[in-house]
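Summary of the model geometry
As a plain string of letters, each chain reads:
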Amino acid sequence: MNDQQLIESYLNRIGYQGPHNPTLELLHNITLAHVRSIPFENLDILLGKSINISLDAVIEKLIHQKRGGYCFEQNGLLLYVLQILGFQVTPISARVRLDRPRNFTPPRTHVFLKVDLSGTTWFTDVGVGGVSLTSAIQFLQDTEQITNHEARRIVSEGNRYFHQVLFPNGWVDVCEFTLEEMPQIDRELANWYTSNHPKSHFKDRLIVAKAGDDGKRITLVNREYSERDKNGTAHKTTINSPKELIHVLKEKFNLSFPIDTEFQTPGIQWN
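Quick notes on the rules
- The residue numbers shown here count from 1 along each chain, following its written sequence.
- Predicted model: local features are reported for residues with pLDDT of at least 70 only, side-chain atom pairs are reported and counted for 80 or more only, and whole-chain, interface and lining totals are derived from all residues.
- Working from all heavy atoms in the structure, the side-chain values ignore hydrogens and water.
- For helices, the fitted line uses only the C-alpha atoms of the stretch in contact; every axis is such a line through C-alpha atoms, and the angle between N-to-C directions lies from 0 to 180 degrees.
- Helix numbers and strand numbers start at the N terminus; a helix is a DSSP run of H or I with at least 4 residues, a strand a run of E with at least 2.
- In this scheme, roughly parallel covers angles under 35 degrees and roughly antiparallel covers those over 145, while 65 to 115 is roughly perpendicular and the rest are oblique.
- Two residues qualify as a contact provided that any one of their heavy atoms is within 4.5 Å of a heavy atom in the partner residue.
- Ten residue types, Ala, Val, Leu, Ile, Met, Phe, Trp, Tyr, Cys and Pro, are classed as nonpolar, four, Asp, Glu, Lys and Arg, as charged, and the remainder, Gly among them, as polar.
- What makes two strands pair is DSSP finding at least two bridges between them.
- Residues adjacent in sequence count toward polar contacts only when both atoms are side-chain atoms; beyond that, a polar contact is any pair of N or O atoms within 3.5 Å, and within protein one must be able to donate a hydrogen and the other to accept it.
- Salt bridge, as used here, is a side-chain nitrogen of Lys or Arg placed within 4 Å of a carboxyl oxygen of Asp or Glu.
- Here the expected span of a helix is defined as 1.5 Å times the quantity of residues minus one.
- Burial classes follow relative accessibility: with a 1.4 Å probe on protein chains only, a residue under 20% of its type's maximum area counts as buried, one over 50% as exposed, and anything between as partly exposed.
- To be clear, the arc concerns the directions from the helix axis to the C-beta atoms.
- Centres within 6.5 Å make a pair out of two Phe, Tyr or Trp rings, where for Trp the six-membered ring is used; the pair is then stacked when the planes are under 30 degrees apart, edge-to-face when over 60, and tilted otherwise.
- In this scheme, Lys NZ or Arg CZ marks a charge over a ring once it lies within 6 Å of the ring centre and within 35 degrees of the ring normal.

1. What to know about the packing of helix H4 (residues 55-64) against helix H5 (residues 71-84)
Contact pair H4 / H5: the axes reach a minimum separation of 10 Å and the direction vectors enclose 105°. Looking at the two axes, H4 sits roughly perpendicular to H5. On H5, the residues touching Leu55, Val58, Ile59, Lys61, Leu62 and Ile63 of H4 are Glu73, Gln74, Leu77 and Tyr80. Tallied by class, the residues present in the contact of H4 with H5 amount to 7 nonpolar, 1 polar and 2 charged.

Shown next, in the form of structure tokens:
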């Protein structure tokens, strides 16, 4: 597959049909279309499969097989696509901080993208689950920024920056970063940890997420399916059987698995 074929296949996958010029509008549009079409998910890990983040493997899985993936797959694919389209893009390493206090140091196992456009720096991140960006955000400190979904801001503490999301109960850290680039070899090492290390949270829970219309988010964590509206109100239901889980994956996330598929994780216990 050459670069032009990849662009055509990718844009078809995310349902984007607009102009291809490397503008801020295109960056916003691709970010939104991506997270509405390609779900965040860690299902291969729970099936005992290794996660291959080479470009060919990611193209095969996310585009041709119409699967999803996590940050190294999602942002790895978007990195290459944006480069082909003419954007100046740098992969940035980060520590995911959702549900983690500031006095805890999580591993540096996340990658997002810095895009320099006409002298201004923007960030996009289509690989952080239920809070993946749906619009690019500008590298501005202490400034609330409106996106297609939740409001965002960037704050600093010493030499660390924190990307935050606004929930009904206030601002919450999404990830921490220092603007250090994350080259391919570092992404490969971090990918090995997240997909293989016994303490990786991707080993002990099932996670699937996708952005919807009008600020809506849909997520699946173990047996809990949730639909969150633009005001942050979540409507949750419990999945009661392995077959129901397979049905939800197909109907809500367009992820197809054989009806007898069983995901191996301590996070799911069936009665």
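2. Points about the sheet that holds strand S4 (residues 120-124)
The strand order across the open sheet built from 7 strands is S5-S4-S3-S2-S8-S7-S6, with neighbouring strands paired in antiparallel fashion. The open sheet is flanked by strand S5 (137-138) and strand S6 (152-157), the only strands paired with a single partner. Bridge count between strand S2 (residues 88-96) and strand S3 (residues 110-117): 7 bridges; the pairing is antiparallel. Residue pairing for S3: Thr90 is matched across the bridge by Lys114. Of the strands in this sheet, S3 and S4 touch helix H2 (residues 24-37), which is tilted by about 10° from S4. Where H5 meets the sheet, it contacts S2, S3 and S4, and its direction lies at approximately 20° from that of S3.

3. Observations regarding the side chain of Asn42
Mapped onto the secondary structure, Asn42 falls in the loop between strand S1 (40-41) and helix H3 (43-46). Polar contacts involving the side chain of Asn42 include one to the main-chain carbonyl oxygen of Phe202, which spans 2.9 Å. Apart from the residues lying within four places of it in its own chain, the contact partners of Asn42 are Phe202, Arg205, Leu206 and Ile207.

4. Some remarks on the pairing of strand S11 (residues 224-228)
As paired elements, strand S10 (residues 217-221) and S11 share 5 bridges and run antiparallel to each other. Bridge pairing in S11 links Thr219 to Ser226. The loop that links S10 with its antiparallel partner S11 comprises 2 residues; one of these, Asn222, has a positive phi angle of about 55°. Where S11 lies against strand S12 (residues 234-238), 5 bridges are found, and the strand directions are antiparallel. For Glu227, the partnering residue across the bridge sits in S12 and is His235. Once S11 ends, the chain turns through 5 residues before running back antiparallel as S12, passing Gly232 with a positive phi of about 90°.

5. Brief notes about the pattern of salt bridges
Between side chains of opposite charge, pairing is possible as soon as their charged atoms come close. Summed over all chains, the structure comprises 20 salt bridges. Arg67 is paired through a salt bridge with Glu41; the nearest N and O atoms lie 2.8 Å apart. Here Glu41 lies in strand S1 and Arg67 lies in the loop between H4 and H5, a separation of 26 residues in the sequence. One salt bridge connects Lys236 with Glu224, and the closest N-O pair in it is separated by 3.8 Å. On the criterion of sequence distance, the pair formed by Lys236 in strand S12 and Glu224 in strand S11 is long-range, its members being 12 residues apart. One salt-bridge network, held together by shared partners, links Arg95, Arg97, Arg102, Glu157, Arg160, Asp173 and Glu176.

6. Points about helix H6 (residues 184-196)
Along an α-helix, residues three or four positions apart point the same way, because every turn accommodates 3.6 residues. For H6, which comprises 13 residues, the first-to-last C-alpha distance of 18 Å matches the rise-based estimate of 18 Å (1.5 Å per residue) to within 8%. Those residues of H6 that fall on the buried side of the exposure criterion are Arg187, Ala190, Asn191, Thr194 and Ser195. The arc that holds the buried residues of H6, viewed along the axis, is 125°, so those residues lie on one side. In this structure, H6 carries Leu189 and Trp192 as exposed residues pointing more than 90 degrees from its buried face. Close packing links the buried residues of H6 with H3, H5, S2 and S3.

7. Some points on the packing of aromatic side chains
Considering all chains together, one arrives at 11 aromatic pairs under this definition. For the ring pair Phe139 and Tyr161, a centre distance of 5.1 Å and an interplane angle of 80° mean the geometry is edge-to-face. You can see Phe139 sitting in the loop between S5 and S6 and its partner Tyr161 sitting in strand S7 (residues 160-167), a full 22 residues away along the chain. On the accessibility criterion, Tyr161 (18% relative accessible area) is buried. Aromatic pair Phe257 and Phe263: ring centres 5.4 Å apart, planes at 85°, arrangement edge-to-face. These aromatic residues form a ring-pair network of at least three members: Phe112, Phe123, Phe139, Tyr161 and Phe177. Between Arg102 and the ring centre of Phe162, over which it is positioned, the NZ or CZ distance is 3.5 Å.

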